[in-house]
Amino acid sequence: MMNSLYHFPRLTAGIAALCLILCAIVFGTVVGETALPLVTVGQTLANHLWHAGYQVDRIEAGIIWSYRLPRALVAGACGAGLSLTGVVLQALLRNPLADPYLMGLSAGASTGAVLVSVAGLGGGLVTMSAGALCGALSAFGVVAVLAHAVSGGSGGGRAAQAASAIILAGIAGSQMFNALTAFIIARSANAEQSRSIMFWLMGNMSGVRWNDVGPCVVVSLVGTALCLWHRRGLDAFSFGADSAASLGVNVRALRGILITITAIMVGVLVSKVGAIGFVGLVIPHAMRFLVGPRHTKLVPAAAVGGAVFLILADVISRIIVPGQVLPIGVITALVGAPAFAIILIRGARR
Amino acid sequence: MNVEIRTLNARVHRVPLLHDISFSVNRGECLGLVGPNGSGKSTLLRCLAGLHPLQSGSIMLDGVPLGTMRAQTRARKIALVEQHSDTSERLSVRDTIELGRTPFLLPLRGWSPDDDRQVERALEAVDLQGFDHRLWHTLSGGERQRAHIARALAQTPELLLLDEPTNHLDIHHQLGLLNLLGALPITRVIALHDLNQALRCDKLAVIDHGRLVGFGQPAEVLDEGCLRQVFGVEASHETGRDGALRLHFHRAL
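The residue count restarts for each chain, going from 1 along the sequence in the order it is written. Following the order in which they are written, the chains are lettered starting with A and the ligands numbered starting with 1. Restriction of local features to residues with pLDDT of at least 70 applies here, the model being predicted, together with a cutoff of 80 or more for giving and counting side-chain atom pairs; totals for whole chains, interfaces and linings are based on all residues.

Secondary structure elements follow DSSP: runs of H or I no shorter than four residues count as helices, runs of E no shorter than two count as strands, and numbering proceeds from the N terminus. Of regular secondary structure, chain A possesses 14 helices and zero strands. Each helix and strand of chain A, ordered N terminal to C terminal, gives the series α-α-α-α-α-α-α-α-α-α-α-α-α-α. Within these notes, the globule rule equals 2.2 Å times the number of residues to the 0.38 power, and the radius of gyration is based on C-alpha atoms. The C-alpha atoms of chain A give 20 Å as radius of gyration, which agrees with the globular expectation for 350 residues (20 Å, within 12%). On the principal axes, the C-alpha backbone points of chain A span a range of 65 × 55 × 35 Å.

Written out as structure tokens, the structure reads:
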């Protein structure tokens, strides 16, 4: 077909993907404002994993184990998860511009998380992740209703109009939830809280520690497994929902399951690292170009590509301005905004 | 597969569109659905495919109510070729036809040599060998239509539903497709606009304003009165040199 990766043997591809992720994690651990030798990283990991007893500088070991490694793991998990949400939304909505950030899901999740953490909604019984999940689901509902109203219920018949409607509805939804978040912060947060929340809202990995690794990795792995389980259902949507139904897909059930998974992934990941944009847009398109549109290959490729991309974006955010750590969302937006423009132009030409 | 429709009523956006439709198709027969634009042919096909809910009535497939079948079971028996179906994905012809095997693939069951065989047969049936690696957006309208039909054939259905399948096809491929469909040993229901093509079917059902106004042998159903009242044309029957009946259209009324 178009390129050799279409027919890359499955086992070789799996091993290569695993090596790529491991290399990215090691790179994310070695590179930073203070460059640390690879040997030190290896010895620190050996000390913690197998009690190897190497002599390592305590400060360097602390940077590697407590700061950079969890950060690289969370970046990888978030990249994989956000990329998969893009794959699922683009397939189910048959819209190449569908992405949790552009569709306002991330903004909704942020509002939910801020409502819980700052305004104290739920009286301490509700976690930030649960708040973010409710926010993401609410945002999806708002955007779906708005898009239906804007497109006049055109469905798949007028694809270009439906695609524009989703984006317009996403912009409106994002603005509404962002305004709501700003209102909550202005009403309930003090100056210090406001500053840190605004920084977090742009996508920020600075506060990531080991206790954030578990939820992010679990939600991304489970999301990948469920997307792979439903890979043929996602393929069947290539020609629309009716076509999928005629191929034996229970369209309503599949949409319900996968949109819930998407909302859970967005909710958990946004509650940990804020609203990181464009990963769900850029990576699925890049991976479709490499491995083709069939989800048997696209799902794992998008997960691996997203993981590597966000780990590298995190490294760049730490070293691009000496003495300062930029929000990771700035880096992803610098890559994603031009990619968004290219996809728009290609769509218009087609 | 024997198909029996009993007093079927259906709505679209709360507007009643099909009224008290009843007929049956025997195993292996080819039924043509004809009628003016908006008469309800596509909706009836969607009902037969299990994609559109019935307001009342029933559809029986070999005596089993269609409504009681699971989506996957239904898709192993019925294939639908829609009138408008397109994708923006960079799918190849082979990718598209392989989608037809979806009802037979379970999450943990991989692609088998039998799936490959069915895909090859479908490619061959629509004369698309050599096109299997062509990307969808590089195909002509006719090639896309043939790929859709191949995807439906890859489902190895017992009932094949086609919504105006000869649209976008040149005359060579129109005749080739009709010959192919005519030779299939399965039950076929085909919505057609070309009444001369419809004459080749075993039976015809004429739908007008959502009602069945004629059903039976094509030559008997498409008489001059029906053509005048339902289609608004003045026409007469002619017998060609090959002995086949043809319609000669004189003018629109």
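Quick look at the overall build of chain B now. Each helix and strand in chain B was counted, giving nine helices and 12 strands. The C-alpha radius of gyration of chain B comes to 19 Å, within 12% of the 18 Å expected for a compact globule of 253 residues. Taking the principal axes of the C-alpha coordinates as reference, chain B spans close to 55 × 45 × 30 Å. Residue pairs qualify as contacts under a 7 Å threshold applied to their C-beta atoms, which are placed from the backbone. Expressed as a percentage of contacts within chain B between residues at least 6 apart in sequence, the contacts between residues at least 24 apart total 66%.

Here we come to the environment of A:Ile21. All names here are of chain A. For isoleucine 21, the position within the fold is in helix H1 (residues 10–30). According to the C-beta neighbour criterion, isoleucine 21 is partly exposed, with 19 such atoms within 10 Å. Beyond its immediate chain neighbours, meaning those up to four positions away, isoleucine 21 contacts Gly76, Val304, Ala307 and Val308. Every C-beta atom is placed from the backbone, and the number of other C-beta atoms within 10 Å of a residue's own sets its class: buried at 20 or more, exposed at 12 or fewer, partly exposed in between.

All right, on to the sheet that holds strand S2 (residues 15–25) of chain B then. Residues and elements named next belong to chain B. Strands sit in the order S2-S1-S4-S5 across an open sheet of four strands; the sheet is antiparallel. Every interior strand has two partners, whereas the edge strands, S2 and strand S5 (64–65), have only one. Examined bridge by bridge, strand S4 (residues 56–61) and S5 share two bridges and lie antiparallel to one another. Its bridge partner lying in S5, leucine 61 is registered against valine 64. Whether two strands pair depends on DSSP finding at least two bridges between them.

The next subject is the interface of chain B and chain A. The partner chain A presents 22 residues to the 23 residues of chain B that form the contact. When residues of the side of chain B that touches chain A are traced back to their parent elements, those giving at least two are helix H2 (71–77) and strand S6 (78–81) of chain B. Among the elements that take part in the side of chain B that touches chain A, H2(B) stands out by supplying four residues, more than any other. Note that Gly is not counted as nonpolar here; it falls among the polar residues with everything else outside the nonpolar set of Ala, Val, Leu, Ile, Met, Phe, Trp, Tyr, Cys and Pro and the charged set of Asp, Glu, Lys and Arg. Taken together, the residues that form the side of chain B that touches chain A break down as 11 nonpolar, seven polar and five charged.

By size, the foremost hydrophobic cluster in this structure holds 172 residues, and its most contacted members are A:Cys78, A:Ala136, A:Leu269, B:Ala150 and B:Leu161. Looking at this core, the element that brings in the most residues is helix H3 (residues 58–93) of chain A, giving 19 residues. Inspection of this core shows a minimum of three residues originating in each of domain 1 (3–222) and domain 2 (225–253) of chain B. With residues up to four places along the chain from it excluded, the contact list for B:Ala150 reads B:Ile97, B:Ala122, B:Leu123, B:Ala125, B:Val126 and B:Leu128. A set of buried Ala, Val, Leu, Ile, Met, Phe, Trp, Tyr and Cys residues, joined to one another through C-beta atoms within 7 Å, is what we call a nonpolar core. Source of the domain bounds: an automatic or database domain assignment.

Attention shifts here to the domain arrangement of chain B. Residue and element names in this part refer to chain B. Here chain B is described as being made up of domain 1 (3–222) and domain 2 (225–253). Taking only C-alpha atoms, the centre of domain 1 and the centre of domain 2 are 26 Å apart. Taken together, the contact between domain 1 and domain 2 spans 12 residues of the former and seven residues of the latter. Secondary structure elements with two or more residues in the side of domain 1 that touches domain 2: helix H7 (195–198), strand S9 (203–208), strand S10 (211–216) and helix H8 (218–221).

Another aspect to go through is the pairing of S4(B). All names here are of chain B. Strand direction decides the pairing type here: strand S1 (residues 3–12) and S4, joined by five bridges, are antiparallel. Bridge pairing in S4 places valine 3 opposite leucine 61. Where S4 folds back onto S5 in an antiparallel hairpin, the turn is made up of two residues, including aspartate 62, whose phi is positive at roughly 50°.

A separate point is the environment of A:Ala109. All names here are of chain A. Of note, alanine 109 is situated in helix H4 (residues 105–117). Along the backbone, alanine 109 and serine 271 are 162 residues apart, and their C-alpha atoms lie at a distance of 7.3 Å. Not counting residues up to four positions away in its chain, the partners in contact with alanine 109 are Ala132, Gly135, Ala136, Val266, Gly267, Val270 and Ser271.

Right, let's get into the packing of H4(A) against helix H11 (residues 251–273) of chain A. Residues and elements named next belong to chain A. Their axes nearest at 9 Å, the elements H4 and H11 cross at an angle of 55°. In this view, H4 runs oblique relative to H11, as classed from their interaxial angle. Seen from above, H4 lies across H11 with right-handed handedness. Contact residues: Leu105, Ser106, Ala109, Ser110 and Ala113 in H4; Ala263, Val266, Gly267, Val270 and Ser271 in H11. A breakdown of the residues in the contact of H4 with H11 according to their chemical character gives six nonpolar, four polar and no charged. Axis definition: a line fitted to C-alpha atoms, over the contacting stretch in the case of helices. Angles run 0 to 180 degrees between N-to-C directions. Here the word oblique covers every angle except those under 35 degrees (roughly parallel), over 145 (roughly antiparallel) and from 65 to 115 (roughly perpendicular). Left-handed describes a crossing in which the near helix is turned anticlockwise from the far one by less than a right angle; the clockwise case is right-handed.

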